[in-house]
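Below are the chains, spelled out letter by letter.
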Amino acid sequence: MSVAITIFADFVCPFSYLAETSLRKLGHGVAEVRYRAAFSEARQPFQDSSAWSMLATAATDEGLQLKSRTFAPATHKAHEAVFFARTREREELFRGAAYAAYWRDGLDIGRIDILTGVAASVGLDPEELKIALDIDMHADEVTSDLVLAGRLHIDQTPVTYIGTGAGARVVKGGYTSAQLQALLEGGAFIKESTDG
């Protein structure tokens, strides 16, 4: 029996990238993951070089290329593109590619032309996505996630709910695969360098 996990995340948050990568490594038999849109408050480049160094090391250990960025694009359209990808059963692939486009390649994932390129790289029709983004086809779904995040007082990303209802464990910030596994096994969660 798999555990239900809900994560509120944003593409310009490096801790969200780390956490989502760890979640994807679990596999579908272990967890049923639901991704929700949230906006990161950390829209400025990292100021603390030692914290960035620790985060980059954790990301490298998870197989990610994480380069410091000097800009943080608006991500509403990227979140809309996720809903498009979800309807075509490519959500996780698209999410991973969108994070890599920003954090590895330095692309402006707020631009529709960049998002259509990301879509094509994971087997989605770029023209269909462009039309969906041009007419704001999934804007209301993103807004619904953002309203829910507000009601839950989510003021940072990522925030992960492990389980459902009153018994859900709430984890704020990023985590590695090892830390996530410890959480799922009921062990203590050590935040170390992956605070978000």
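In this text the structure is predicted, and so the values were computed from the model without any measurement. (Residues numbered from 1 in each chain as written. Predicted model: local features only at pLDDT ≥ 70, side-chain atom pairs only at ≥ 80, totals over all residues. Heavy atoms only, no water.)

This part is about a nonpolar patch on the surface. Side chains of I131, I135 and M137 sit close together on the surface and give an oily, nonpolar patch of about 310 Å² of accessible area. Along the chain, I131 falls in helix α6 (residues 126-134). (Patch = residues over 30% accessible without salt bridge, like charges linked within 9 Å, V, L, I, M, F, W, Y side chains within 5 Å. Areas by Shrake-Rupley, 256 points an atom, 1.4 Å probe, with all protein chains shown as cover. Salt bridge = Lys/Arg side-chain N within 4 Å of Asp/Glu carboxyl O. Helix = DSSP H or I, 4+ residues; strand = E, 2+ residues; numbered from the N terminus.)

Along the chain, T157 connects to P158 via a cis peptide bond; the corresponding omega equals -10 degrees. Here P158 lies in the loop between α7 (139-151) and β3 (159-162). The backbone phi angle of E89 is positive, close to 55 degrees, even though this residue is not glycine. Here E89 is to be found in the loop between α3 (76-87) and α4 (91-103).

Across all of its chains, the model carries six aromatic pairs by this definition. The interplanar angle of 70 degrees and the centroid separation of 6.2 Å between the aromatic rings of F8 and Y161 together place this pair among those described as edge-to-face. Of this pair, F8 sits in strand β1 (residues 3-9) while Y161 sits in strand β3; the two residues are 153 residues apart in sequence, bridging distant segments of the chain. For the pair F8 and Y161, one class covers both residues: buried. Among the aromatic residues, those joined into a ring-pair cluster are W52, F71, Y102 and W103. (Phe/Tyr/Trp six-rings, centres within 6.5 Å; stacked < 30°, edge-to-face > 60°. Buried < 20%, exposed > 50% of the residue type's maximum accessible area, 1.4 Å probe, protein only.)

As a further point, take helix α1 (residues 14-24). Counting buried positions over the eleven residues of α1 gives ten, a clear majority of the element. Restricting attention to buried positions, one finds in α1 the residues P14, F15, S16, Y17, L18, A19, E20, T21, S22 and L23. For α1, the secondary structure elements touched by its buried residues are β1, β2 (31-37), α2 (49-61), α4 and α8 (177-184). (Contact = heavy atoms within 4.5 Å.)

This next bit is on the pairing of strand β4 (residues 169-172). Of the pairings in the sheet, the one linking β3 to β4 comprises four bridges and is antiparallel in character. Paired with T160 across the bridge in β4 is V171. (Pairing = 2+ DSSP bridges.)

Turning to the pairing of β2, a few remarks are in order. On any regular strand, side chains alternate: one points to one face of the sheet, the next to the other face. Of all the seven residues making up β2, five are buried; the element is thus mostly covered by neighbouring parts of the structure. Where β1 lies against β2, seven bridges are found, and the strand directions are parallel. For V3, the partnering residue across the bridge sits in β2 and is A31.

Another aspect to go through is the packing of α1 against α4. It is the contact of α1 with α4, at a shortest axis distance of 11 Å, that shows an interaxial angle of 145 degrees. The interaxial crossing formed by α1 with α4 has left-handed handedness. Listed contacts from α4 to P14, S16, Y17, E20 and R24 of α1 are E92, R95, G96, Y99, A100 and W103. Residues of the contact of α1 with α4, tallied by class, amount to five nonpolar, two polar and four charged. (Axes fitted to C-alpha atoms, helices over the stretch in contact; angles between N-to-C directions. Left-handed = near helix turned anticlockwise from the far one by under 90°. Nonpolar A, V, L, I, M, F, W, Y, C, P; charged D, E, K, R; others polar.)

Another aspect to go through is the packing of α3 against α6. Where α3 contacts α6, the axes come no closer than 10 Å and their chain directions differ by 125 degrees. By the angle class used here, α3 and α6 are oblique. The hand of the α3/α6 crossing is right-handed. Counting all contacts with α3, which are made through K77, E80, A81 and F84, the residues of α6 involved are E128, L129, A132 and L133. Residues that form the contact of α3 with α6 fall into these classes: five nonpolar, no polar and three charged. (Parallel < 35°, antiparallel > 145°, perpendicular 65-115°, else oblique.)

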